[in-house]
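Breakdown of the fold
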Amino acid sequence: MTAVRPDTVPQQASPAQAPFPTGFLWGAATAAYQVEGAAAERGRTPSIWDTFSHTPGKVQNGDTGDVAADHFHRYRDDVALMKRLGLQAYRFSVSWSRVQPTGRGPAIERGLDFYRSLVDELLDAGIKPVATLYHWDLPQELEDAGGWPERATAERFADYAAIMARALGDRVSMWTTLNEPWCSAFLGYGSGVHAPGRTEPAAALRAAHHLNLAHGRATEALRANLPAAAQTSVTLNLHQVRPLTDSAADADAARRIDAVGNRVFTGPMLKGAYPEDLLTDTERIVNWAELIHEGDLAAIAAPIDVLGVNYYTPTIVSTPADGSGDTRNDGHGSSDHSPWPGSEHVAFHLAEGKPRTAMNWSVDPNGLHALLMDVAREHPELPLMVTENGAAFDDAPDADGRVHDPERIAYLHGHLEAVRRAVADGADVRGYFLWSLMDNFEWGYGYAKRFGAVYVDYATQRRTPKSSAHWYGDVIARHALPPQA
């Protein structure tokens, strides 16, 4: 991918009410550990996020996902709410340790039954189920055996994919192997701000390769067990990388972060090879010749039907003149350890003059347009879907119990217009999933950050659609954006 500066390019105005393409899919997304709760019910065993969140000091306020948004018990009401809001699709993830508690062997039916019931409820409501196999919650027993840095984990994942395809393949037609493997590898094993909390640069790179291999093996398993019409995909949080200045040093910083932030996955998955510059940047950390086995790259490059793209904010980088780095503004949590192995010296910056979300992320819809156009130019044959996009703000009910969130509406309007503009400019974008359907456990931030279009009172589990939820429902009904207020 090529680093660009969309903030410096004039954007052509377009009518806000222009419609989206026929068949464009409108949805919302969640993740199992963030919403399900029921952490020890029906045979579910701990995942790495159970262990991590129960470790003192790892999660803000000592929060855990033990109860979360209690979606496990309230899914029928939640699906009814989705229907009232007009959602056409619901992207959920499966808790691996709920259906295969040790990460090995046969599934437990009472774990599968939850997902069967959820899918049936969605179909009865006319909502398309979109299943993600892995959203960061590795069974703890597999981590105890070495986790993603070990090759065997990729093979276990392929077995799990086959189990899920056989269980739900008659009712679920769209499947995603991994959600944001960059976070799993580099936040989980590099900076340690995500589970399992390890800070080992070599392990992070090994994990990246084995996540790539897991995707390839799982894609093969899905194809072998799903109807021919089913679609397979992977979801990547591609960094929309920009150099801070036009200097050669900053251009190299952008190249480096593009390599270890994006092309470490898009290279092998979509082109069948790791980029040479990534291998050079990281050769002092890991022996790629030993890590990559014969046949790995062919397996990783198994064809997919759709590429999921997650976007929240741009990534602005520079190379400091003194060689020191500062990752505090990379948007990925606070740690003394870098999630950028081989490029630890690169500095990160916030976009100047832009609004900020509660995550202190810059609001920049042009970055989403640029990202979609970059991917579309490099892979014109591959349909795209925005599988996560949204923002956290400090939402609270007013005196009447209503939750007004005009900042989120403005964020969504700007980013949906960026998607519509990308489509008009030739990008084959097939759908959009708002992150997130409801407030939930926001990983290392616990319950302190609210990304949901639906407000959750965690004490009572009462759901209250925010203004943005009603606004999004209106967008879906129109199949177009309303005029911006």
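Let me sum up the structure you'll find in this document. What you are looking at is a predicted structure, and each value in this text was computed from that prediction instead of being measured. (Residues numbered from 1 in each chain as written. Predicted model: local features only at pLDDT ≥ 70, side-chain atom pairs only at ≥ 80, totals over all residues. Heavy atoms only, no water.)

**Digging into the overall build of the chain**
The secondary structure content of the chain amounts to 16 helices and 13 strands. In summary, the chain has a C-alpha radius of gyration of 21 Å against a globular reference of 23 Å for 485 residues, a match within 12%. Counting every position in the chain, which comprises 485 residues, the buried fraction comes to 62%. Excluding contacts between residues fewer than 6 apart, the proportion of contacts in the chain whose partners are at least 24 apart in sequence is 78%. (Helix = DSSP H or I, 4+ residues; strand = E, 2+ residues; numbered from the N terminus. Rg over C-alpha atoms; globule rule 2.2 N^0.38 Å. Buried < 20%, exposed > 50% of the residue type's maximum accessible area, 1.4 Å probe, protein only. Contact = heavy atoms within 4.5 Å.)

**Describing the sheet that holds strand β6 (residues 241-243)**
What the 3 strands build is an open sheet, ordered β6-β8-β9; its pairing is mixed. The outermost strands of the open sheet, each flanked by one partner alone, are β6 and β9 (347-349). Pairs of neighbouring strands in the sheet enclose a mean axial angle of 40°, with direction left out of account. The pairing of β6 with strand β8 (residues 315-318) spans 3 bridges and is parallel. (Pairing = 2+ DSSP bridges. Axes fitted to C-alpha atoms, helices over the stretch in contact; angles between N-to-C directions.)

**Some points on the environment of Pro 129**
Summarising the element assignment, Pro 129 is placed in strand β3 (residues 128-134). Classification of Pro 129 as buried rests on a relative accessible area of 2%. Through-space distance from the C-alpha of Pro 129 to that of Ala 248 is 46 Å; in sequence the pair is 119 residues apart. Setting aside residues no more than four positions away along its own chain, Pro 129 makes contact with Tyr 90, Phe 92, Val 119, Leu 122, Leu 123, Arg 171, Val 172 and Met 174.

**What about the pattern of salt bridges?**
Summed over all chains, the structure comprises 37 salt bridges. Here Arg 171 ties to Asp 170 by a salt bridge, and the two come within 3.2 Å at their closest N and O atoms. Taking relative accessible area as the criterion, Arg 171 reaches 23% and is therefore assigned partly exposed. Across the salt bridge formed by Asp 281 and Arg 255, the nearest N and O atoms sit 3.1 Å from each other. With Asp 281 in helix α11 (residues 276-282) and Arg 255 in helix α10 (residues 248-271), the pair connects residues that are 26 residues apart, well separated along the chain. By relative accessible area, which is 11% here, Asp 281 ends up buried. On the accessibility criterion, Arg 255 (25% relative accessible area) is partly exposed. When salt bridges that share partners are traced, they join Asp 252, Arg 255, Arg 256, Asp 258, Arg 263, Asp 277 and Asp 281 into one network. (Salt bridge = Lys/Arg side-chain N within 4 Å of Asp/Glu carboxyl O.)

**A look at the sheet that holds β3**
In spatial order, the strands read β1-β2-β3-β4-β5-β7-β10-β11; together these 8 strands close into a barrel with parallel pairing. Direction aside, neighbouring strands of the sheet carry axes that sit 25° apart on average.

**Things to note about α10**
In an α-helix, one turn spans 3.6 residues, which is why side chains three or four residues apart end up on the same side. Taking 1.5 Å per residue, 24 residues should reach 34 Å; α10 reaches only 27 Å between its end C-alpha atoms and comes up short. Of all bends in α10, the biggest is about 60°, found at Arg 263. Most of α10 is tucked away, with 17 of its 24 residues classed as buried. Looking at the residues trailing α10, positive phi occurs at Gly 272, about 80°. (Expected span 1.5 Å × (residues − 1). Bend = angle between axes of the 7 residues up to and from the residue.)

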